[in-house]
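Examining the three-dimensional arrangement
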Amino acid sequence: MEHTTNYYNTFIEIAEDSPNEQAAVPPLKGEKKSVVNMQFDMVYENPYKYTSDEVLFAVFAVRREFEQSEIEEQREHYFSKGQPCFRASPLTKQYGWGVHANAEGKIAIYGTETEEYKKFLADDSIKKVKAMRSKRG
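These remarks concern the structure in this document.

Parameters at a glance
Residues numbered from 1 in each chain as written. Predicted model: local features only at pLDDT ≥ 70, side-chain atom pairs only at ≥ 80, totals over all residues. Heavy atoms only, no water. Helix = DSSP H or I, 4+ residues; strand = E, 2+ residues; numbered from the N terminus. Buried < 20%, exposed > 50% of the residue type's maximum accessible area, 1.4 Å probe, protein only. Axes fitted to C-alpha atoms, helices over the stretch in contact; angles between N-to-C directions. Left-handed = near helix turned anticlockwise from the far one by under 90°. Contact = heavy atoms within 4.5 Å. Nonpolar A, V, L, I, M, F, W, Y, C, P; charged D, E, K, R; others polar. 1 Å grid on protein atoms, 1.4 Å probe; cavity = no way out; pocket = protein on both sides within 12 Å on 5 of 7 lines; lining within 4 Å. Points joined across faces, edges and corners; volume = space filled by probe spheres on them. Pairing = 2+ DSSP bridges. Core = buried A, V, L, I, M, F, W, Y, C linked by side-chain atoms within 4.5 Å.

Okay, unusual backbone geometry next. Of note in this structure, N9 is not a glycine but carries a positive phi near 50 degrees. When you line up the elements, N9 lands in the segment before β1 (10–13). A residue is classified by how much of its surface remains accessible, and N9, at 38% relative accessible area, is partly exposed. The phi dihedral of Y48 falls on the positive side, at around 60 degrees, and the residue is not glycine. Structurally, the position occupied by Y48 is in the loop between α1 (35–44) and α2 (52–64).

Once that is clear, we can look at the packing of α2 against helix α3 (residues 71–78). Relative orientation of the contacting elements α2 and α3 amounts to 115 degrees, with a least axis distance of 11 Å. Considering how the two elements wind past one another, α2 and α3 form a crossing that is right-handed. From α2, D53, L56, F57, F60 and A61 reach across to α3, where they touch I71, Q74, R75 and Y78. Of the residues belonging to the contact of α2 with α3, the class tally is six nonpolar, one polar and two charged.

Approximately 200 Å³ is the volume found for the largest pocket. Lining the largest pocket are 14 residues, with V35, Q39, L56, V59 and Y78 sitting closest to its centre. When residues of the lining of the largest pocket are traced back to their parent elements, those giving at least two are α1 and α2. With five residues, α2 is the single largest residue contributor to the lining of the largest pocket.

Here we come to the pairing of β1. Judged by which residues are buried, β1 turns out to be covered on both faces: T10 and I12 on one side and F11 and E13 on the other are all buried. Across three bridges, β1 lies against strand β2 (residues 97–101) in antiparallel orientation. Bridged to F11 within β2 is H100. Two strands pair when backbone bridges link them, and β1 and strand β4 (residues 127–130) are joined in this way by four bridges, in the parallel orientation. If you follow T10 over to β4, its bridge partner there is K127.

On to the nonpolar core. Counting 27 residues, the largest nonpolar core has I12, V55, F86 and I107 as the members making the most contacts within it. Elements represented by at least two residues in this core include exactly α1, α2, β2 and β3 (107–111). Residues within four places of I12 in sequence aside, it is in contact with Y7, F86, R87, T92, G98, V99, V129, K130 and A131. Counting residues in each nonpolar core, the second largest holds seven residues, with I14, Y110, Y117 and F120 among its members.

Pasting the structure below:
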């Protein structure tokens with residue numbers, strides 16, 4: 001059985017305990033891009049081009065430096081068990097980005113201060129879920 005992180009017609013709101021009132025670009029720490037930097041670049045530069053699964057696996061594959069011949073097998077292995085979705089991403093937990101998944105499951109990100117973010121919150125036809133809190137309690 002294959003697990004998925006994809007959502008459809010859903011808006012992931014920032015976490016209740018997010019430290020940012022406005023969206024922030026995740027800062028680079030050192031030479032190598034972090035997971036959150038790669039997630040941000042891929043989604044921000046390509047709105048509604050990729051599903052959550054495609055973004056999360058692509059970042060994982062780049063970080064692991066898989067050979068092209070291994071990709072399909074590694075993808076099956078990666079999704080053979082549940083993976084954290086964008087509700088657990090630092091983008092939604094700490095950097096102030098909401099994630100909208102359209103009817104095809106393709107995603108785009110919107111800063112918490114934007115009109116689009118507010119429109120998604122007000123739209124009753126879209127399911128809303130909150131990002132996971134950083135702290136318990």
